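For reference, the chains in residue letters:
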Amino acid sequence: VLAHIDIFGVSIQTFGIFFALNFVAWGALAARRLTELGKPTDWAFEMVLAAVIGGLIGARAYYLIQNHGELHGSLIGNVFGGSGLIWYGGLAGGTIAMLIWARWRGFLGLALVDIAGPALALGYAIGRIGCQVAGDGDYGKPSHLPWAMGYAHGTDPTPPGVTVHPTPIYETLSMGLVAWLLWRWRDRFRPGVLFALYLVFAGVERFLVEFVRRNNHVVGGLTAAQLESLALLIIGVAALVLVQRRGGLRRPARTEPVEVRPRAAVAR
Amino acid sequence: LVGTFLAATAIALLAGAKNLGTALTFGQIAFAAALVAVLLRPPWRRPASVGREGPPAPPPPKRRRTRP
């Protein structure tokens, strides 16, 4: 566990490094896909900028809403102070910012959300490395499994001698494989399906991993993240069912261009 | 990807990682690095069977039964 590193006397949070790398990686992936779709590659940088700003605002706002009872001092001080970012808040804020950007660019459509699917999964996988390295409290419940470990020097340390599930490792592996799978499938399905699959995979992954994480139960023995995961899962499955009913999930096969003759010539 | 993860974990263990969890963290980082390399691999370095091969042909349409 290495919460921060010193470079030439400047202390840099390791979580921040991987947080930045997450945006770099998914921006590069989005640029690759935009090139394949014949769109300007520069749009990827605009997308990343919009997502960073919207994501940070959303993640921080969601944290402040969830923890408003524990906050002290001025509102401005709480908004700009210290740690406290929540993934689902960032997802919501980033999505809103991206939609505004896409409307401005005239790129608001299913192609955009399909780009976001594998990119979000990749970014999540990389971001979780930051959680693991910094020991920021995103680890799991106490465990005595051979790979259980302590985060005694993390930003949110475990008690001395206590070992817990290293859940950020589980999440990097699972969402990394999801990113790889979705990227392989990017030309296989009709528009919108890839993002629906992302919602399903991300929902299932988070729902399952929450059983070994240390978050508090909110309703029916489920955590807030599990309820949000269920919502993602339901939206994803509903979208898949909708697309299936409207002509199938798979993209129709490519056909040779057909020569179209004028109707009058055919009539003769 | 999985091979990279396992290899990096094994190397970290052999290099004296404090525990298996710490070694897995090195595997996690190597896995992510390999994933980025695979996803961002230029098209000309990608095997022909991967990615842009296009969708397969759909099954033939089912014929409706008509009553005599």
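So, a few notes on the structure that sits alongside this text. (Residues numbered from 1 in each chain as written. Chains lettered and ligands numbered in written order. Predicted model: local features only at pLDDT ≥ 70, side-chain atom pairs only at ≥ 80, totals over all residues. Heavy atoms only, no water.)

1. Things to note about the interface of chain B and chain A
One frequently used descriptor of interface size is the decrease in accessible area upon assembly of the parts. Across the boundary between the two partners, chain B contributes 29 residues, which contact 33 residues of chain A. Of the roughly 2,700 Å² buried at the junction of chain B and chain A (both faces included), carbon and sulfur atoms supply 68%. Between chain B and chain A we count zero salt bridges in total. There are six residue pairs in polar contact (both at pLDDT 80 or more) connecting chain B and chain A. (Contact = heavy atoms within 4.5 Å. Buried area = accessible area lost by both parts, 1.4 Å probe. Salt bridge = Lys/Arg side-chain N within 4 Å of Asp/Glu carboxyl O. Polar contact = N/O pair within 3.5 Å; in protein donor to acceptor, adjacent residues only side chain to side chain.)

2. Concerning helix H4 (residues 87-105) of chain A
One full turn of an α-helix is made of 3.6 residues, so residues set three or four places apart face in the same direction. All names here are of chain A. The first and last C-alpha atoms of H4 sit 26 Å apart over 19 residues, in line with the 27 Å expected at 1.5 Å per residue. Within H4, the full set of buried residues consists of Tyr88, Gly89, Gly90, Leu91, Gly93, Gly94, Ala97, Met98, Trp101 and Ala102. Of the residues trailing H4, Gly106 is marked for its positive phi of about 70 degrees. (Helix = DSSP H or I, 4+ residues; strand = E, 2+ residues; numbered from the N terminus. Expected span 1.5 Å × (residues − 1). Buried < 20%, exposed > 50% of the residue type's maximum accessible area, 1.4 Å probe, protein only.)

3. Let's talk about the nonpolar core
Soluble globular proteins tend to pack their nonpolar side chains together in the buried interior. Counting 54 residues, the largest nonpolar core has Trp26(A), Met47(A), Trp101(A), Leu122(A), Met175(A) and Tyr198(A) as the members making the most contacts within it. The dominant element in this core, judged by the number of residues it contributes, is helix H5 (residues 110-134) of chain A, at 11 residues. (Core = buried A, V, L, I, M, F, W, Y, C linked by side-chain atoms within 4.5 Å.)

4. Brief notes about the pairing of strand S2 (residues 10-13) of chain A
All names here are of chain A. With four bridges joining them, strand S1 (residues 4-7) and S2 adopt antiparallel strand pairing. Bridge pairing in S2 links Asp6 to Ser11. Joining the antiparallel neighbours S1 and S2 is a turn of two residues, in which Phe8 adopts a positive phi near 55 degrees. (Pairing = 2+ DSSP bridges.)

5. Describing the packing of helix H1 (residues 14-36) of chain A against H5(A)
Residue and element names in this part refer to chain A. One way to put it is that H1 packs onto H5 with a least axis distance of 8 Å and a crossing angle of 165 degrees. On the basis of their axis angle, the class for H1 and H5 is roughly antiparallel. The two elements H1 and H5 cross, and the hand of that crossing is right-handed. For the pair formed by H1 and H5, the contact residues are Thr14, Phe15, Phe18, Leu21, Asn22, Ala25, Trp26, Leu29, Ala30, Arg33 and Leu34 on the first element and Ile115, Pro118, Ala119, Leu122, Gly123, Ile126, Gly127, Ile129, Gly130, Cys131, Val133 and Ala134 on the second. Looking at the contact of H1 with H5, its residues break down into 17 nonpolar, five polar and one charged. (Axes fitted to C-alpha atoms, helices over the stretch in contact; angles between N-to-C directions. Parallel < 35°, antiparallel > 145°, perpendicular 65-115°, else oblique. Left-handed = near helix turned anticlockwise from the far one by under 90°. Nonpolar A, V, L, I, M, F, W, Y, C, P; charged D, E, K, R; others polar.)

6. Section: empty space enclosed by the protein
All names here are of chain A. Counted under the stated rule, the structure contains one cavity of 30 Å³ or more. Trp87, Tyr88, Tyr124, Met175, Tyr198, Ala202, Glu205, Arg206 and Leu232 together form the lining of the largest cavity. Secondary structure elements with two or more residues in the lining of the largest cavity: H4 and helix H7 (193-209). At four residues, the largest contribution of residues to the lining of the largest cavity is made by H7. (1 Å grid on protein atoms, 1.4 Å probe; cavity = no way out; pocket = protein on both sides within 12 Å on 5 of 7 lines; lining within 4 Å. Points joined across faces, edges and corners; volume = space filled by probe spheres on them.)

7. Comments concerning the side chain of Thr9(B)
All names here are of chain B. Here Thr9 lies in helix H1 (residues 2-14). There is a polar contact of 2.7 Å between the side chain of Thr9 and the backbone oxygen of Phe5. Apart from residues no more than four positions distant in its own chain, Thr9 is found in contact with Leu20, Ala23, Leu24 and Gly27.

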